[in-house]
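# Observations on chain architecture
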Amino acid sequence: MHRSYRKPSNDTIAEEYVTAHIIDGAKIAEDIRNQVKREAAALKAKSGITPGLATVLVGDNPASHAYVRSKRKTTADLGLESFGYEMPKETTQAEVVALVRRLSADPKVHGILVQLPLPAHISEEAVLGEVALDKDVDGFNPINIGKLGMKNRSPTFAPCTPAGVIELLERTGTPLEGANAVVLGRSNIVGLPLSLLLLGRNATVTVCHSRTRDIAPLTRAADILVAAIGRTRFVTAHMVKPGAVVIDVGINEIADASKKSGKRLVGDVDFDAVKEVAGAITPVPGGVGPMTIAMLMRNTIRAAEIATAKCT
Ligand code: NAP
């Protein structure tokens, strides 16, 4: 792994750092997408099967619509079949459950993605529990999440953003076994499953959340620090151990008069300051973000392979 921290030569000389290795998530995600495209073509040539991903979107949340559009576009770009289902916000839980059951039984559909959050009157657990385990490419069926937390059990699929973080760490050669990993955030979507994935790879994991007291001493002990809290530039340089690998999952919008849109995206980490201390760091945008869809595409190919193996 690229470690840019240089030890001070003696106590009287100020510590010397060189800038961190910038982990290029956009490039790594592109490599994964290209691999998926090749695998999809090979599967089609061999078995006549086109991997298919169904997306289920309920309601009119603009961000959810944008995410689903982007997922469907990538699906089509890679030569996968995309089945889109959009339902109005008044749709009942029973109707969504019925659709997911139908998709779970449809042989043309290999992966099912239910875009979260669902409207408040629909239980996520009830709907996600209906996604067939072998089609659960988002990894949110409660059984898959449960297996993630159990020793010597593996879920069929792990949630895409946390899996993308692990992929970035592994591809940059970051040792996970025995490493002190600190995860900021414990959400069902990112922080919690990521902590379980790190634990499963024998890291020593500390999970911090909004009730954690005095976070900085904890983060300063981290070999691997992952920020997933949705707070603009929360992680400052003094919170980071020299040479640590810092993964920024956060996506926050800030005003920027120099942009045509008047805004831009930043992470949970003060990138400019932290890159002077860390050994490696992901930027926002261009770090974890592109990995999420890439991992979804990879999971969809794997789901199609599972289905094909069952038929032969
Ligand atoms: P979330 O559901 O709002 O969870 C935020 C977590 O951060 C909670 O566990 C919360 O603690 C904790 N937290 C909030 N403020 C804190 C503070 N001041 N100190 C310590 N912990 C604090 O958010 P999420 O869905 O996990 O998303 C987190 C960030 O990642 C967001 O910026 C989101 O946009 C981004 N994200 C990016 C991707 C991607 O593809 N790159 C994917 C998903 C999410 P409590 O549990 O105590 O409330």
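Read on for an overview of the structure. In this text, all values refer to a predicted model and were calculated from it rather than measured experimentally. (Residues numbered from 1 in each chain as written. Predicted model: local features only at pLDDT ≥ 70, side-chain atom pairs only at ≥ 80, totals over all residues. Heavy atoms only, no water.)

## Concerning the site of the ligand
The criterion, for reference: In these notes, residues near a molecule or strand are those with any non-hydrogen atom within 4 Å of it. Under this definition, polar contacts are N or O atom pairs within 3.5 Å; protein pairs additionally need one hydrogen-donor-capable and one acceptor-capable atom, and for neighbouring residues in sequence, both atoms have to be side-chain atoms. Throughout, the Shrake-Rupley method with a 1.4 Å probe supplies accessible areas, and for residues the shown protein chains are the sole cover considered. Polar here means any residue other than Ala, Val, Leu, Ile, Met, Phe, Trp, Tyr, Cys and Pro, which are nonpolar, and Asp, Glu, Lys and Arg, which are charged; Gly is therefore polar.
Neighbouring the ligand are 20 residues, the closest being Arg186, Ser187, Ser210, Ile251 and Thr292. In the environment of the ligand, an oxygen atom lies 3.0 Å from a nitrogen or oxygen atom belonging to the backbone of Ile251. Protein coverage of the free-state accessible area of the ligand, which is 930 Å², stands at 72%. By residue class, the composition of the shell around the ligand is eight nonpolar, 10 polar and two charged.

## Description of the pairing of strand 11 (residues 252–255)
In the case of a regular strand, side chains alternate between the two sheet surfaces. Note the cut-off: For every residue, the accessible area (1.4 Å probe, protein chains only) is compared with the maximum for its type, and the residue is labelled buried under 20%, exposed over 50%, or partly exposed between those bounds. Numbering goes from the N terminus for both helices and strands, where a helix is a DSSP run of H or I of at least four residues and a strand is a run of E of at least two. By this definition, two strands are paired if DSSP reports at least two bridges between them.
A one-sided burial pattern is seen for strand 11, the buried positions being Asn252 and Ile254 and the unburied ones Glu253 and Ala255. For strand 11 and strand 12 (residues 263–266), the ladder comprises four bridges, and the chain directions are antiparallel. Bridge assignment links Ala255 to a residue of strand 12, and that residue is Lys263.

## Some points on the side chain of Asp138
What counts, and what does not: A residue counts as positive if it is Lys or Arg and as negative if it is Asp or Glu; His and the chain ends are not included. Salt bridges are counted wherever a side-chain nitrogen of Lys or Arg sits within 4 Å of a carboxyl oxygen of Asp or Glu. Should any heavy atoms of two residues lie within 4.5 Å, those residues are considered in contact.
Checked against the element boundaries, Asp138 lands in the loop between helix 4 (124–128) and helix 5 (142–148). Summary of buried charges: Asp138 has no salt-bridge partner, and the nearest side chain of opposite charge, Lys71, is 5.3 Å away. Beyond its immediate stretch of four places on either side in the chain, Asp138 contacts Ile112, Leu113, Val114, Ala158, Pro159, Cys160 and Leu296.

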